[in-house]
Every structure is written in C-alpha cells, then in structure tokens.
Amino acid sequence: MQVTSWAVASALVVASAFTSVAARADEDLKLGVIAALSGGGTAWGLGLQRGVQIALDEVNASGGLKVGGKTYKLGLVAYDDQYNAAQAKTAVDRLVQQDGIKFIMGPIGSPGALSSLSVTQPAKVLQFVDGYAPGILKNDFNAAYIFRVDNSNLEFSERIVTWIKQAMPEVRKVGMIVPNDATGQAAVPTLTAAYKKQGLDVWVDFYERGNKEFTPVLLRMMAQNVDLFDLNSASPGDAGLMVKQVRQIGFKGKVLQAGGAGVDEIVAIAGPLANGFIKYDVVDEADARTKPLVDAYARKFSGPMNGMVPIYYNATQILLEAMRRADSLDTTKVRDEVEKLQGWNTQLYGPLRWGGQVSYGNNHQIMLPFYMKQVDGKSIRVLSTLQPVD
Amino acid sequence: MLTPLMLGQVVINGISLSAIYILVALGFTLLFGIMRVVNFAHGSFAMLGGYALFYFYGQWELPYLLAAPLAAASVAVASLVLERLVFRLFYQKMFQSMIALLGLDMAITFTALLVWNPYERSVPTPLDGVLSVSGLIIPEDKLVITGVAAVALLAFWLFTRFTRHGLALRAASQDLEIAQIQGVDTTRLYRLAFLIAIFMAALAGGFYAQTYSLSPTMGERPLLMAFIVVILGGMGSIPGVALGGLLLGFSESALSTFYGSAVSTFVSFGVVFLLLIFRPWGILGTPEHE
C-alpha cells in the first residue's frame, strides 16, 4: 500500500514536472550576438551581450516567449568580432549560414556593422546594430532588415553643440581627437559642421586605436590654442587616458566627449584628473525606470554597467515585443511590427521613436533621449537631458 | 607653431616615452640574447605584473618601494612553473618558440579575462602630481619611470660586466657550447636569466599599468613596443635596447607633435621595415653568422 502510494506520488511529481516544463517552453529560440569579446572593445561587447542576456532572462523567468501558439525558451549564440570588420563578417557568416540564426544583436562599431550588411540583408536576417556611419542605414538595401538602436552623430551632434554654445560661451575653438577608422571618419564631418554652424573653430587630429600615449598629439592640439577638447568617438579606455594625459600636460580648459557611452570606466582610468569632465551618456542611473536594470546587472555581473547594457536591453525588449505582436518568427512580419512600435512605452526611455527618413531614407533609426553628465568629485551628475534631432 | 617651450615639452615627452619602452624591452632582449627565445608571451607577464602591483600596492597598501619589487618578484617566481613546463622545451629554438609562446600568451590573457573582468582600471600611483619647471610640465609618475629605467639599465650593465653570473650569461650568449665546456651550468643559468627577464617584464608592466591602465589585454601594446625596440637596437643587445628605446621614444614624441600620430606610426614601422631589409641584426646587434 505504502509502496503504491509512493509510486503514484512519484508518477504525479514526474508528470507535473513534465507538464510544467511543457507549459513553460516548447522549443528553444536563439538570438545571435556579434560583439567584441576580446581586445580593446571588450567592455562594450560584454555590455551588449549582458544587456541582451538580462532581457532574455526576464522573459524566461516569466515562462518564456509565447509566439504562434508555442512557448520559446530564449537563449543567445555569441561570436567575437574583436571590433573589426573581417571578424564581424566571419561571425555573421557563421550565425546565418551555419547556425541558421534569424535575429542578430550587434555588431557595435561602424566597421563591423557595415561588413555584416552584405550577409544579413539578402538573407532577410533582422539585425540591431550600433555604429555611427550613415552607410549603416543609407545603403543599397535601404536598411531593409536593419535597425540602429543607438543615436549616431547625426542625431545628437547638433543638440550637444547648441548646448555647449549656451553652457560654455567662452569656448571659441574646439580640438577634436578622433580614431582613425570608419567610426571616427563618420564622426568628423557631422561634428565639424555642427560646431561651425555655431560659429566655433575646429581643429581635428587623428590617432590609431590601440595607442596608449596621446601626450604628443594632445600637445600638438594644445599649441593650436583650443579651448575645449572633444573626445567624440573614443572608446572608454582611450577616453580615460586622454582625460588623464591632457590634464598632465597642463590643459586648463574643458574636456568633453560628444559620443560613446558610459562615464564610470573613464573615471576608473583617469582617477581624480577626471574631475570636471563632461560626457554624453545614454542612461541616467538615478532614474527610477532604470533602477530594475541596474539592480539586475549588479546581481548577475561584476564591473561597471556601461552604456551598451541599457542600449541592448532596450533593443531586445523591442524585438521581443515585435515578435509577440507579429505572433510569428517570420523576420519580415517581425520587422513590420518593429516599425509599428512607434510610441510603444519602453521601460527605460518612455515612448519609442523611430526616425531617420530625412537623413537615411527610412525610419530605422532610434531616437533616444540622452544626457550630458559631469564628473563632480566622486559623483557624476546630470547637467542636462536632451532630445535627438531627426 | 614651434616655440622653445613646446620643443622642451617634446624632449620631456620623448624622455618619458623612451624610459617606458626601454623598461619594457629589457626582459624581452635578455631572453632572446641568452636562450634565443622570442618571448611573445612577454606582454602577458607585463600584464600579470600590473595586476600584482594592483594588489600589493592598490589593495593591500604595502609601502610603494616594497610593493613594486615584491609584485614583480612574485610574478617572476610563480612563472618558474612555466619555465619548467613550457619555456625549457624551446630554448635555442627560435622559430618554434615564437608560435608556442604566442599560444602561451593567449592562454594567459584569456585566463586573466576569466579571473578578472575585461574592464580597464587604474593602478594608484604614489606620485600623481605635475611638476612645472619654467613652464615645462613634467608628470611625476613619468619622472619615477624615467628614474627606474635609468637605474635598471645601469644595474643590468653592471651585472653583466662585473658579476660572476653576469659574465656567465654573456659567455653563454656568445657561444653556448664553449660556455658549457668551461663548466657553466646552463640549466641554472637559463633559470636565472628567465627569472630576471620576467622580473623586468613584470616591473615594467606595473609601471605601464600605473601610467596607462590595467586590463587583461593590456600586454599587446608593450609586446609590440618591445619588439620594435629590440629590432631597432639589435636582438639580444642591452645597449641596443637603450638606443632603440631612445630612438622610438623621441621620434614618436617629435613626429606625433609636429605631423600627427599617423605619420609617426608610419615612420616607426617604415624604419623597422627598412632595417629588416638592410641590417636585420639591428643597429647594435651582431649578425648570426659572426
């Protein structure tokens, strides 16, 4: 009798376990991630991967993604592009041809984003990228299956420069130190035009990514009597060193970064010399809407939460919502729903805005509110919240 | 816009850059000079030296003059395990050592990525102020590095000229077989050279991390610079390291200031390229057949 009861109970437990698994997830759905997971861009790449992972974990914890009568357990397949075009091409080939992935997050950076287009667009693979080059959205494919999920120079430069003109009327000449690659070369014309429109002189110098000693170039720029250094698209590591070294050679004026994302890593490198540094950023950690993400990140990962985490957390939420609304995993249907999400209330940034028709010929450019922050002793405070220009 | 002040600043930047390059390249050239090993894992040992200093000085707050050598020594002693398991298999095998140690470099770097995180961080410095002398700006941390590099170079030179072990090292580097016949214990000698080379790499890595930043991938740049310096000066030559470091440091400072960093990089690699064609043994090195 006792044995029979145990057998029945065990059978019920096993059956209920299977039933609950079935209720939670019928199949696995993998998203592709292409990010720099080694080399100088690793911090940004991990930020992307972690932002996606947190968004997927939340959906899995609530039972999975329900689409087309099935429930999917979400996961990701990540490949390293080392922040370069050739590796990004290899990664996207593997994801699309070998793994059969239909939805890809990344790459970050213009070289990788541009090189991946020739694979993803003909294959109708839906891609969510970050990178400043206009060609990412303005191309022969008319960005059919690609969305840029972060502001680029075209969206934020003019607003930032107008703000600089108002907040720092003493600035007459700006020195821009720019990485000598597709990202940097995309930033220069837009930012230069914006500065000149406000009547400011501009001096531009390039540096090679991977370099750590910027003192000679900064000295050369100081000799041009610049009042403000703009570090624009430098990575956090490079920007931290520039902030430190420009102060070490005695520059007393303003140092600002109109681009990039994340202030903490720069402060970690420049230390006390970061005091007064002004920076564009994509998240206000003090905002109540951001707190659940900040807490989730702290529970799961170590190290500072850089700007790529909120960017790709937000992008993943947009993609998953579009899948739910399309009730399908067909990339064309999902793409159409992503476009229709205009005005959908995102957790981090409020109503979703797609733009870019004037600049790129399509509305696949996200319009994110952004923040100008300043390092003030040991704290970082928001000086102003700005809206991008479409 | 050339002013005397700017020219002075170029010289100061050149000296501080040269000091870093010399310090980084000393251990690299020693291993090649004695054991004919091209240590492509050099940057990884520099990185480990950076992390060791981060803990000894930044976390455990030992006095700096104790923390800096202790951090480098701890990396050197711990690396003896790798000397026994890996390096010893490749002594006097130049080409095999390149590939094997490139693999070791990747293994150390990716282990570091797992142990720590990829984020760059700073290592505190005992002196982080700026000296102003007649309008010239001298960062104190770079002044310390310049002093250490000068002392290290002198100590190296004195060691190889006037000590028993140093003379044995020189003898082995000139003719291994003759040195062995004369009773030099090459196993012990190699271990000593390895210990000194890794100590220097780790010491340089500590300073490098303090001057720039610390991360598991920080070793790539020091390795590249060490390689250029020893090719310029001559593989295995200590005076060559001094000359190569000074040439690279001053040319980078002057060319970057007056013509921009692209020209500086182009010229640096262009000179190395020409040297490899016309004088592959470097300015102060000796050709293999001599």
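Predicted model only: the values in this text are computed from it and were never measured.

1. A short note on the overall build of chain B
Helix and strand counts for chain B come out as 12 helices and 2 strands. For chain B, the succession of helices and strands along the chain, N to C, is α-α-α-α-α-β-β-α-α-α-α-α-α-α. Taken over the C-alpha trace, chain B has a radius of gyration of 19 Å; the compact-globule value for 290 residues is 19 Å, and the two agree within 12%. Each principal axis of the C-alpha distribution contributes one length, and for chain B these read about 60 × 50 × 35 Å. Sorting the 290 residues of chain B into buried and exposed places 51% on the buried side. Contacts spanning at least 24 positions in sequence make up 75% of the contacts within chain B whose residues lie at least 6 apart.

2. Brief notes about the overall build of chain A
Helix and strand counts for chain A stand at 13 helices and 17 strands. The C-alpha radius of gyration of chain A comes to 23 Å, within 12% of the 21 Å expected for a compact globule of 390 residues. Along the first, second and third principal axes, the C-alpha set of chain A runs to 90 × 50 × 35 Å. Each of the 390 residues in chain A was classed as buried or not, and the buried ones make up 54%.

3. Looking at the domain arrangement of chain A
A common way to report how large an interface is uses the accessible area buried once the components associate. All names here are of chain A. Here the domain parsing of chain A yields domain 1 (10–151 + 287–352) and domain 2 (154–281 + 372–386). Measuring from the centre of the C-alpha atoms in domain 1 to the corresponding centre in domain 2 gives 30 Å. Across the contact, 18 residues belong to domain 1 and 20 residues belong to domain 2. Elements with a contribution of two residues or more to the side of domain 1 that touches domain 2: α2 (42–61), α4 (110–120) and α11 (308–326). The biggest single contributor to the side of domain 1 that touches domain 2 is α4, with 3 residues. Partitioned by chemical class, the residues of the side of domain 1 that touches domain 2 number 10 nonpolar, 8 polar and no charged.

4. Notes on the sheet that holds strand β7 (residues 173–179) of chain A
Residues and elements named next belong to chain A. Pairing in this open sheet of 7 strands is mixed, and the strands run β8-β7-β9-β10-β11-β16-β17 from one edge to the other. Strands at the two margins of the open sheet, each flanked by one partner only, are β8 (201–207) and β17 (379–386). Neighbour-to-neighbour, the strand axes of this sheet turn through a mean angle of 25 degrees, independent of strand direction. As paired elements, β7 and strand β9 (residues 228–230) share 3 bridges and run parallel to each other. Looking at the pairing, Val174 lines up with Leu228 of β9.

5. Description of the packing of helix α1 (residues 4–35) of chain B against helix α10 (residues 220–233) of chain B
Residue and element names in this part refer to chain B. Two elements in contact, α1 and α10, have axes separated by 8 Å at closest approach and are oriented at 70 degrees. Classified by the angle their axes make, α1 and α10 are roughly perpendicular. Here the hand of the crossing between α1 and α10 comes out right-handed. Residue-level contacts link Tyr21, Val24, Ala25, Phe28, Thr29 and Phe32 of α1 to Pro222, Met225, Ala226, Val229 and Val230 of α10.

6. A look at the packing of helix α6 (residues 140–162) of chain B against helix α7 (residues 164–174) of chain B
Residues and elements named next belong to chain B. It is the contact of α6 with α7, at a shortest axis distance of 5 Å, that shows an interaxial angle of 80 degrees. Classified by the interaxial angle, the pair formed by α6 and α7 is roughly perpendicular. Taken together, the residues of α7 that come into contact with α6 (itself represented by Phe159, Thr160, Arg161 and Phe162) are Gly166, Leu169 and Arg170.

7. Digging into the confidence of the model for chain B
This prediction gives chain B a mean pLDDT of 87; 98% of its residues lie at or above 70. Here the predicted complex carries an ipTM of 0.78, next to a pTM of 0.81.

8. Describing the interface of chain A and chain B
Contact residues are listed per partner, giving 34 residues for chain A and 26 residues for chain B. Residue contributions to the side of chain A that touches chain B peak at 5 residues, all from helix α7 (residues 215–222) of chain A. When the residues that make up the side of chain A that touches chain B are grouped by side-chain class, the tally is 13 nonpolar, 15 polar and 6 charged.

9. Here's the deal with the confidence of the model for chain A
Residue and element names in this part refer to chain A. Chain-level statistics for chain A give a pLDDT mean of 89 and a share of 93% at 70 or above. Taking the mean pLDDT of every element in chain A, the minimum, 48, falls on helix α1 (residues 2–24) and the maximum, 98, on helix α12 (residues 331–340). Across residues 12–23, confidence stays below pLDDT 50; counting only partners more than four residues off in sequence or on other chains, it has 0 contacts.

10. Remarks on the environment of A:Ser235
Positionally, A:Ser235 belongs in the loop between β9 and α8 (236–248). Along the chain, A:Ser235 and A:Glu265 lie 30 residues apart, while their C-alpha atoms are 9.7 Å from each other.

11. What to know about the nonpolar core
Residues B:Ala193 and B:Ala202 are the most contacted members of the largest nonpolar core, which totals 216 residues. Examining the composition of this core, we find that 17 residues originate from one element, α1(B), more than from any other. Two domains each donate at least three residues to this core, and these are domain 1 (10–151 + 287–352) and domain 2 (154–281 + 372–386) of chain A.

12. Brief notes about the environment of B:Ser251
Here B:Ser251 lies in helix α11 (residues 238–259). Apart from residues lying up to four places away in sequence, B:Ser251 is in contact with B:Val267 and B:Ser268.

13. As for the pairing of β17(A)
Summarising the sheet, strand β16 (residues 370–376) of chain A and β17(A) pair through 7 bridges and their orientation is antiparallel. From the neighbouring strand, A:Tyr371 faces β17(A), where its bridge partner is A:Thr385.

14. So, unusual backbone geometry
When glycine is set aside, most residues are seen to have a negative phi, and most peptide bonds are trans. All names here are of chain A. Gly106 connects to Pro107 through a cis peptide bond whose omega is 5 degrees. Backbone geometry places Asp327, a non-glycine residue, at a positive phi of 50 degrees. With respect to the element layout, Asp327 can be found in the loop between α11 and α12. Given 14 C-beta atoms within a 10 Å radius, Asp327 is considered partly exposed.

15. What to know about α11(B)
Over its 22 residues, α11(B) extends 31 Å from the first C-alpha to the last, a length consistent with the 32 Å expected when each residue adds 1.5 Å. With its phi angle positive at about 95 degrees, B:Gly260 sits one or two positions after the end of α11(B).

16. Section: the pairing of strand β1 (residues 27–35) of chain A
Residues and elements named next belong to chain A. Bridge count between β1 and strand β3 (residues 70–80): 9 bridges; the pairing is parallel. Across the sheet, residue Gly32 finds its bridge partner in β3, namely Val77. Pairing of β1 with strand β4 (residues 103–108) involves 2 bridges; the strand directions are parallel. For Val33, the partnering residue across the bridge sits in β4 and is Met105.

17. A closer look at the environment of A:Lys333
Residues and elements named next belong to chain A. With respect to the helices, strands and loops of the structure, Lys333 is situated in helix α12. C-beta crowding within 10 Å serves as the criterion here: with 15 such atoms nearby, Lys333 is assigned to the partly exposed category. Taking the C-alpha atoms as reference points, Lys333 and Met323, 10 residues apart in sequence, are found 8.3 Å from one another. Beyond its immediate sequence surroundings of up to four residues, Lys333 is in contact with Ala326 and Ser328.

The rules behind the values
- Residues numbered from 1 in each chain as written.
- Chains lettered and ligands numbered in written order.
- Predicted model: local features only at pLDDT ≥ 70, side-chain atom pairs only at ≥ 80, totals over all residues.
- Helix = DSSP H or I, 4+ residues; strand = E, 2+ residues; numbered from the N terminus.
- Rg over C-alpha atoms; globule rule 2.2 N^0.38 Å.
- Buried ≥ 20, exposed ≤ 12 C-beta atoms within 10 Å, placed from the backbone.
- Contact = placed C-beta atoms within 7 Å.
- Domains from an automatic or database assignment.
- Nonpolar A, V, L, I, M, F, W, Y, C, P; charged D, E, K, R; others polar.
- Pairing = 2+ DSSP bridges.
- Axes fitted to C-alpha atoms, helices over the stretch in contact; angles between N-to-C directions.
- Parallel < 35°, antiparallel > 145°, perpendicular 65-115°, else oblique.
- Left-handed = near helix turned anticlockwise from the far one by under 90°.
- pLDDT = per-residue confidence, 0-100.
- Core = buried A, V, L, I, M, F, W, Y, C linked by C-beta atoms within 7 Å.
- Expected span 1.5 Å × (residues − 1).

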